[in-house]
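# Structural characterization, general
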Amino acid sequence: MSIDLIVHSANQVLTLAGDAPKRGATQGDLAILRDGALAIRGERIIAVGDTRELLARADAQTRTIDARGKIVLPGFVDAHTHAVFAGDRAHEFEMRLQGASYLDIQKAGGGIMSTVRATRAATVDALVAQSRARLDALLAHGTTTAEVKTGYGLDTATELKMLDAIAALDAEHALDLVPTFLGAHVVPEEFKGREEEYVALVVEEMLPGIDRRPKTEDRKHPSSVVGRPSFCDVFCDDGAFTLAQTRKILTRAKELGFGLRVHADEFANLGAATLAAELGAASADHLMVTRREEMRAMAQANVVAVLLPGTTFGLGKTNFADGRAFVEENVPVALASDLNPGTCWCESMPFVIALACRYEKLTPAEAIVAATINAAYSLRIADRVGSLAPGKLADALIADVPDYRHLAYRFGANPIATVIKRGKIILDPPK
Ligand code: NIG
Ligand code: FE
């Protein structure tokens, strides 16, 4: 079988091989090959192995990339973003620096609601154009698959418009997107004092409407359904949705066949991590104030903990999620950017890894597992991305560092030299 591309002679190939989420003692299992190589045909990996063996299979058509002195790893999977939005909130950032809290700003009509106003006012084309630049930045920092949430519409028409924008971006952009419906991000201002009516709108109108969207069974990725979102998420917290409201929405979503995710324990612990375990959610995210017994319930129910240290940093806070405790309690840990205009405008998974090691007490190897294969499991796409294995999509990175630990050790500059997406060399920045 002819080979289109061979990346060879890497100091380390982090294969991330394995067939289950990595947790506890295996959370840091990178499955490293030394002097390793990766062979690609079309958009798939066909072999991972020894440089000499794979180069011996090259023919005149095979392109080769010498990765000597560098490392090769799977593209990052960013399991939690709000990358599609209009406008920005730079003025609120400045207010927070002067002492206003995130919740104070939200209560005064700003926060998520100010992005909702901008997003409602934007055309699909404007939303796509503004978001495209962020997807470009994600890709340049090594993200090859990203989850993207709605949640800046908060009315049926704008939530659907956001899904259209996500679908359009997925179709045109090299990055693969996994959409999540987050109609329950906050209660929009026009429903003030009528919160239960908004919950009823989500349950009775939005969810069934979204469920009817065509299943565009893949143009790009076989499992991805860009018309109908794969997941439903709820922001369960002070100033957002109560535990009872979250239960109502997620229970209906589950009946309709959506996978579940939940924004849990970002500010206050309302019991959302336990609820995620009870409902068999794919992930619970944030988890800055989660208790040990809740971690154990998550482990039991195979809920992936998606930690977002960029958000804690972005808020200027120091109560980072206790990543070490999640590993100790045997919960599979993933990392994500939470890219959003309010708490964390960050497109860099390497920076997220650097933060997770310092403040959430993950080792560099654990953080890399969290940013690749475990994130893929949390999105239920680990059968095609998240590790370097024959048959999987050829989503791979060459990082210009001699050892994987440098991905966490260094920060602030971009260590990613080359991005290969679905077998194509997308970015190979000149040095
Ligand atoms: O994950 N927590 C809710 N959602 C985002 C913030 C979104 C925003 O402020 O626009 C988060 O932090
Ligand atoms: Fe979020």
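All of these numbers come straight from a predicted model, not from anything done at the bench.

Turning our eyes to something else, we now look at the overall build of the protein chain. Per the secondary structure count, the protein chain includes 16 helices and 16 strands. Scaling as 2.2 N^0.38, a compact globule of 431 residues should have a C-alpha radius of gyration of about 22 Å, and the protein chain matches this with 21 Å. Expressed as a percentage of contacts within the protein chain between residues at least 6 apart in sequence, the contacts between residues at least 24 apart total 72%. As displayed, the protein chain offers around 15,500 Å² of accessible surface, 53% of which is attributable to carbon and sulfur atoms. Counting 48 positive and 55 negative side-chain charges, the protein chain places the averaged centre of each group 3 Å from the other.

Here we take up the coordination of the iron ion (ligand 2). For the iron ion (ligand 2), the protein coordination sphere consists of H80 (NE2), H82 (NE2), H263 (NE2) and D338 (OD), at 2.1 to 2.4 Å. Judged by its relative accessible area of 0%, H80 is buried. The buried category is assigned to H82, whose relative accessible area is 2%.

Evaluated as defined, the whole model comprises 28 salt bridges. For D66, the salt bridge identified is with R68, shortest N-O distance 3.2 Å. Assessed through its relative accessible area of 37%, D66 is described here as partly exposed. Residue R68 is classed as exposed on the basis of its relative accessible area of 57%. Through salt bridges that share partners, E43, D176, D395, K421 and R422 make up one connected network.

Turning to empty space enclosed by the protein, a few remarks are in order. This structure, assessed with the given rule, holds two cavities of 30 Å³ or more. Approximately 90 Å³ is the volume attributed to the largest cavity. Lining of the largest cavity is provided by 14 residues; of these, H82, Y102, H185, N340 and T343 occupy positions nearest its centre. Residues that form the lining of the largest cavity fall into these classes: four nonpolar, seven polar and three charged.

Another aspect to go through is the domain arrangement of the protein chain. We note that the domain assignment places domain 1 (5-74 + 387-427) and domain 2 (76-378) within the protein chain. The gap between the C-alpha centroids of domain 1 and domain 2 is 28 Å. Contacts between the two partners involve 37 residues from domain 1, matched on the other side by 35 residues from domain 2. Carbon and sulfur atoms make up 64% of the area that domain 1 and domain 2 hide from each other, which totals about 2,800 Å². Summed over the shared surface of domain 1 and domain 2, the number is two salt bridges. In this assembly, domain 1 and domain 2 are joined by 14 residue pairs in polar contact (both at pLDDT 80 or more). Of all elements in the fold, only β5 (71-74), α16 (406-409), β15 (416-421) and β16 (424-427) reach the threshold of two or more residues within the side of domain 1 that touches domain 2. Looking at which element gives the most residues to the side of domain 1 that touches domain 2, the answer is β15, with four residues.

Looking now at the packing of helix α8 (residues 243-255) against helix α9 (residues 272-279). Look at α8 against α9: their axes get within 11 Å of each other, and the N-to-C directions meet at 25°. The angle between α8 and α9 places the two elements in the roughly parallel class. Viewed along their axes, α8 and α9 form a crossing whose handedness is right-handed. Seen from α8, the contacting residues are L243, T246, R247, L250, T251 and K254; seen from α9, they are A272, L275, E278 and L279. Considered class by class, the residues forming the contact of α8 with α9 number five nonpolar, two polar and three charged.

So, about the site of ligand 1. Around ligand 1 sit 16 residues, and of these R89, Y102, Y152, E266 and D338 come closest. Within the side chain of E266, one N or O atom sits 2.6 Å away from a nitrogen atom of ligand 1. At 2.9 Å, a side-chain N or O of H286 approaches an oxygen atom of ligand 1. Across the complex, the protein chains shield 100% of the 320 Å² of accessible surface that ligand 1 would expose by itself. Cavity membership is defined here by more than half of the atoms lying within 2 Å of grid points; on that basis ligand 1 lies in the largest cavity. In the shell around ligand 1, the residues fall into four nonpolar, nine polar and three charged.

A separate point is the side chain of S387. By secondary structure assignment, the location of S387 is in the loop between α15 (373-378) and β14 (396-399). Here K392 takes part through its side chain, which lies 2.7 Å from a polar atom of the side chain of S387. Aside from chain neighbours lying at most four places away, what touches S387 is T15, L16, A17, I45, P74, I373 and K392.

One non-glycine residue, L154, lies in the positive phi region at around 60°. With respect to the element layout, L154 can be found in the loop between β7 (143-149) and α6 (156-172). The buried category is assigned to L154, whose relative accessible area is 0%. The backbone of D265 sits at a positive phi, close to 60°, despite the residue not being glycine. With respect to the element layout, D265 can be found in the loop between β10 (259-264) and α9.

Another point: the pairing of strand β11 (residues 283-286). In this sheet, β11 lies alongside β10 in parallel orientation, the contact comprising four bridges. Residue pairing across strands places R261 opposite S283, the latter belonging to β11. In terms of handedness, the path from β10 via α9 over to β11 forms a crossover that is right-handed. Bridge analysis of β11 against strand β12 (residues 304-307) gives three bridges, and the strand direction is parallel. Looking at β12, one finds that A284 is bridged to A305. With helix α10 (residues 292-300) bridging β11 and the parallel β12, this β-α-β connection has right-handed handedness.

Definitions and cut-offs
- Residues numbered from 1 in each chain as written.
- Chains lettered and ligands numbered in written order.
- Predicted model: local features only at pLDDT ≥ 70, side-chain atom pairs only at ≥ 80, totals over all residues.
- Heavy atoms only, no water.
- Helix = DSSP H or I, 4+ residues; strand = E, 2+ residues; numbered from the N terminus.
- Rg over C-alpha atoms; globule rule 2.2 N^0.38 Å.
- Contact = heavy atoms within 4.5 Å.
- Areas by Shrake-Rupley, 256 points an atom, 1.4 Å probe, with all protein chains shown as cover.
- Lys, Arg positive; Asp, Glu negative; His and termini not counted.
- Charge placed at Lys NZ, Arg CZ, Asp CG, Glu CD.
- Donors = N, O, S within 2.8 Å, 3.2 Å for Na, K, Ca; no water.
- Buried < 20%, exposed > 50% of the residue type's maximum accessible area, 1.4 Å probe, protein only.
- Salt bridge = Lys/Arg side-chain N within 4 Å of Asp/Glu carboxyl O.
- 1 Å grid on protein atoms, 1.4 Å probe; cavity = no way out; pocket = protein on both sides within 12 Å on 5 of 7 lines; lining within 4 Å.
- Points joined across faces, edges and corners; volume = space filled by probe spheres on them.
- Nonpolar A, V, L, I, M, F, W, Y, C, P; charged D, E, K, R; others polar.
- Domains from an automatic or database assignment.
- Buried area = accessible area lost by both parts, 1.4 Å probe.
- Polar contact = N/O pair within 3.5 Å; in protein donor to acceptor, adjacent residues only side chain to side chain.
- Axes fitted to C-alpha atoms, helices over the stretch in contact; angles between N-to-C directions.
- Parallel < 35°, antiparallel > 145°, perpendicular 65-115°, else oblique.
- Left-handed = near helix turned anticlockwise from the far one by under 90°.
- Near = heavy atom within 4 Å.
- Sits in = over half its atoms within 2 Å of the grid points.
- Pairing = 2+ DSSP bridges.
- Right-handed = clockwise from strand over helix to strand, strands pointing away.

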